[in-house]
Amino acid sequence: MSELRGKVQTVLGLVDPDQLGRTMTHEHLTMSFECCYVPPAAGDEAAAEDPFHMQHMHWLQQNPYSCHANLQLKKDISAVRDELLAYRKAGGGTIVENTTTGIDRDMSSLRQLAKDTGVHIIAGAGYYVDITHTEATKKMSVEKLTDIIISEVIHGADGTDIRCGVIGEIGTGWPITDSEKKVLQATAHAQAQLGCPVIIHPGRNRAAPAEIVRILQEAGGDISKTVMSHLDRTIFDEGELLEFANLGSYLEYDLFGTEMLNYPFNLEVDMPSDSQRVKILAFLVKEGYEDKIVVAHDIHTRNRLTINGGHGYSHILKNIVPKMLTRGISQHQVDKILIENPKHWLTFK
Ligand SMILES: CCC(=O)NCCS(=O)(=O)O
């Protein structure tokens, strides 16, 4: 699309890629994660009913999905506004907001947040995981899904004239369902027409990222303009990680700030600490992938906001960057991860 080529599309319109600055490629500012509620363990009901108190903070950090109130990030919009102002003060410029259809995308609030804070916000087109697909969505053809995704980028999403600047996060589980596969194919078709960035939420299985790349590629997608999210909880073996990295997507470590022992969506997973995440980034840099790494916090529950005792959207800038610099990642490489790589990914071809 000639109007979009060479530009980045924010919720306030097209901008020059050099305006973005430091960019978190995977966050949420307003959404609901009720689709992924996990009932609390017996005896924990009191904490789950009344979560935002000092004495429940650690429980909530360990069990963020077992409390209905905690899944409603959209209730904290005013705190998110303050956090975005703090993010700008900490040197942040842009946030990619990954909320897609199925988890309560709110385009008008995103536009208002961008106006109020001066942070560039890029909204996501498309669909989250199968459990959030409506019966109507499941019945749609790939062509219809493609038309809808393209329209969200060209005309605006959810009945507004506010346009998405990226496709995703496109949700998939494991195994990938028929409906998710159609959405992936539609994503690839839309990307082929628009030359736009794509971002994927893979299922929680180490084979998922490569399988998704295969489906996208077969449908004509551009893997070099695609981010694979959540690698921190998906691929653990260094050899397998390098094999996946070779396929050419951006490699996203986006759960910075998440410290959780018993990961309820896959109990076999040992969620890494932030120190371990930095170690993996240093490994990928040493192996020559500094042009392919992007990072974020993927804030999607309320306990992760500073107002509720969490780390907030500035944690990477304030705490992780200094750590990276002490672990063999140079300032030049940090700038690639935070500025150059997101900029190249987000620019329409
Ligand atoms: C909507 C937010 C989201 O999907 N986050 C990913 C959580 S996890 O799959 O890594 O647990």
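This is a predicted model, so every value here is computed, not measured.

Student: Report on the packing of helix H3 (residues 77-89) against helix H4 (residues 107-117), specifying residues and quantitative values.
Tutor: Running from N to C, H3 and H4 point in directions that differ by 40°, and their axes come no closer than 10 Å. Taken as axis vectors, H3 and H4 run oblique relative to one another. When you trace H3 past H4, the crossing you get is right-handed. Within the contact between the two elements, H3 uses Ile77, Val80, Arg81, Leu84, Leu85 and Arg88 and H4 uses Ser109, Leu113, Asp116 and Thr117.

Student: Kindly report on the state of the cysteines, identifying the contributing residues and their values.
Tutor: By the definition in use, this model includes zero disulfides. Left unpaired, Cys36 is separated from the closest cysteine sulfur, that of Cys35, by 3.4 Å. Cys36 gets classed as buried once you look at its relative accessible area, which sits at 11%. Here Cys67 is not cross-linked by a disulfide; its sulfur's nearest cysteine counterpart is in Cys36, at 15 Å. Assessed through its relative accessible area of 0%, Cys67 is described here as buried.

Student: Quick rundown of helix H8 (residues 208-218)? Include the residues and the values.
Tutor: All of the buried residues along H8 are Ala208, Pro209, Ile212, Val213, Ile215 and Leu216. Down the axis of H8, the buried set is contained in an arc of 165°. They therefore lie on one face.

Student: Before we move on, can you summarise the environment of Thr30 with the specific residues and values?
Tutor: Checked against the element boundaries, Thr30 lands in the loop between strand E3 (22-27) and helix H1 (45-49). Sequence spacing of Thr30 and Ile77 is 47 residues, and the spatial spacing of their C-alpha atoms is 6.7 Å. Once residues within four sequence positions are removed from consideration, Thr30 is found in contact with Leu73, Lys74, Ile77, Glu97, Thr99, Asp104, Asp106, Ser109 and Leu110.

Student: Explain the UniProt feature "binding site: a divalent metal cation 1" (unreviewed entry) in the chain to me, and be specific about the residues and the numbers.
Tutor: The sites that carry the UniProt feature "binding site: a divalent metal cation 1" (unreviewed entry) are, in the present numbering, His26, His28, Glu169 and Asp298. Over a stretch of 273 residues, the named residues converge on one spot in the fold, their C-alpha atoms separated by at most 10.8 Å. If you take the residues mentioned a moment ago, the ones lining the largest cavity come down to His28, Glu169 and Asp298. Looking at where His26 falls in the secondary structure, it is placed in strand E3. Overall, the relative accessible area of 0% leaves His26 in the buried class. Ignoring sequence-local partners within four residues, the contact set of His26 consists of Val96, Asn98, Glu169, Ile199, Ser229, His230, Glu252, Asp254, Ala296, His297 and Asp298. Here the side chain of His26 touches Glu169 through a polar contact of 3.0 Å, side chain to side chain.

Student: Describe in detail the side chain of Ser314, supporting the description with residues and values.
Tutor: For Ser314, the position within the fold is in the loop between strand E10 (293-295) and helix H11 (315-325). Ignoring any residue separated from it by four or fewer positions in sequence, one finds Ser314 in contact with Ala86, Tyr87, Ala90 and His297.

Student: With reference to specific residues and values, describe the UniProt feature "binding site: a divalent metal cation 2" (unreviewed entry) in the chain.
Tutor: Per the UniProt record, "binding site: a divalent metal cation 2" (unreviewed entry) is annotated on Glu169, His201 and His230. Despite a sequence span of 62 residues, these residues sit close together in the fold, their greatest C-alpha distance being 10.8 Å. Residues that both appear in the annotated list above and line the largest cavity are Glu169, His201 and His230. Here Glu169 lies in strand E6 (residues 166-171). Apart from the residues within four sequence positions on either side, Glu169 is in contact with His26, His28, Asn98, Thr100, Tyr127, Tyr128, Ile199, His201 and His230.

Student: Outline the pairing of strand E9 (residues 250-253), supporting the account with residue identities and numerical values.
Tutor: Within a regular strand, the side chains alternate between the two sheet faces. Residues of E9 alternate between two faces, with Tyr250 and Glu252 on one and Leu251 and Tyr253 on the opposite face, all of them buried. The sheet contact formed by strand E8 (residues 226-228) and E9 spans two bridges and is parallel. Opposite Val227, over in E9, you have Tyr250 as the bridge partner. Following the chain from E8 across helix H9 (residues 238-245) to the adjacent parallel E9, one finds a crossover that is right-handed. Relative to E10, E9 runs parallel, the two sharing three bridges.

Student: How would you summarise empty space enclosed by the protein if you had to cite specific residues and measurements?
Tutor: Scanning the model with the defined rule gives one cavity of 30 Å³ or more in all. Here the largest cavity defines a volume of roughly 180 Å³. Forming the boundary of the largest cavity are 20 residues, of which Phe33, Tyr65, Leu255, Asp298 and His300 lie nearest the centre. Its residues assigned to classes, the lining of the largest cavity shows ten nonpolar, five polar and five charged.

Student: So, the packing of aromatic side chains: which residues are in play, and what are the values?
Tutor: Counted under the stated rule, the structure contains five aromatic pairs. Their ring planes at 40° and their centres at 4.6 Å tell us that Tyr65 and Phe265 sit as a pair that is tilted. With a gap of 200 residues between them, Tyr65 in the loop between helix H2 (57-62) and H3 and Phe265 in the loop between E9 and helix H10 (274-286) connect regions that are remote in the sequence. A connected cluster of aromatic rings, assembled from ring pairs, spans Phe33, Tyr65, Tyr128, Tyr263 and Phe265. Above the ring of Phe256, the side-chain terminus of Arg277 is found at 5.8 Å from the ring centroid. In this structure, Lys292 is placed above the aromatic ring of Tyr250, and the distance from its NZ or CZ to the ring centre is 4.3 Å.

Procedures and definitions
Residues numbered from 1 in each chain as written. Predicted model: local features only at pLDDT ≥ 70, side-chain atom pairs only at ≥ 80, totals over all residues. Heavy atoms only, no water. Axes fitted to C-alpha atoms, helices over the stretch in contact; angles between N-to-C directions. Helix = DSSP H or I, 4+ residues; strand = E, 2+ residues; numbered from the N terminus. Parallel < 35°, antiparallel > 145°, perpendicular 65-115°, else oblique. Left-handed = near helix turned anticlockwise from the far one by under 90°. Contact = heavy atoms within 4.5 Å. Disulfide = S-S within 2.5 Å. Buried < 20%, exposed > 50% of the residue type's maximum accessible area, 1.4 Å probe, protein only. Arc of directions from axis to C-beta. UniProt positions renumbered as here; feature names shortened; annotations may be inferred. 1 Å grid on protein atoms, 1.4 Å probe; cavity = no way out; pocket = protein on both sides within 12 Å on 5 of 7 lines; lining within 4 Å. Polar contact = N/O pair within 3.5 Å; in protein donor to acceptor, adjacent residues only side chain to side chain. Pairing = 2+ DSSP bridges. Right-handed = clockwise from strand over helix to strand, strands pointing away. Points joined across faces, edges and corners; volume = space filled by probe spheres on them. Nonpolar A, V, L, I, M, F, W, Y, C, P; charged D, E, K, R; others polar. Phe/Tyr/Trp six-rings, centres within 6.5 Å; stacked < 30°, edge-to-face > 60°. Lys NZ or Arg CZ within 6 Å of the ring centre and 35° of its normal.

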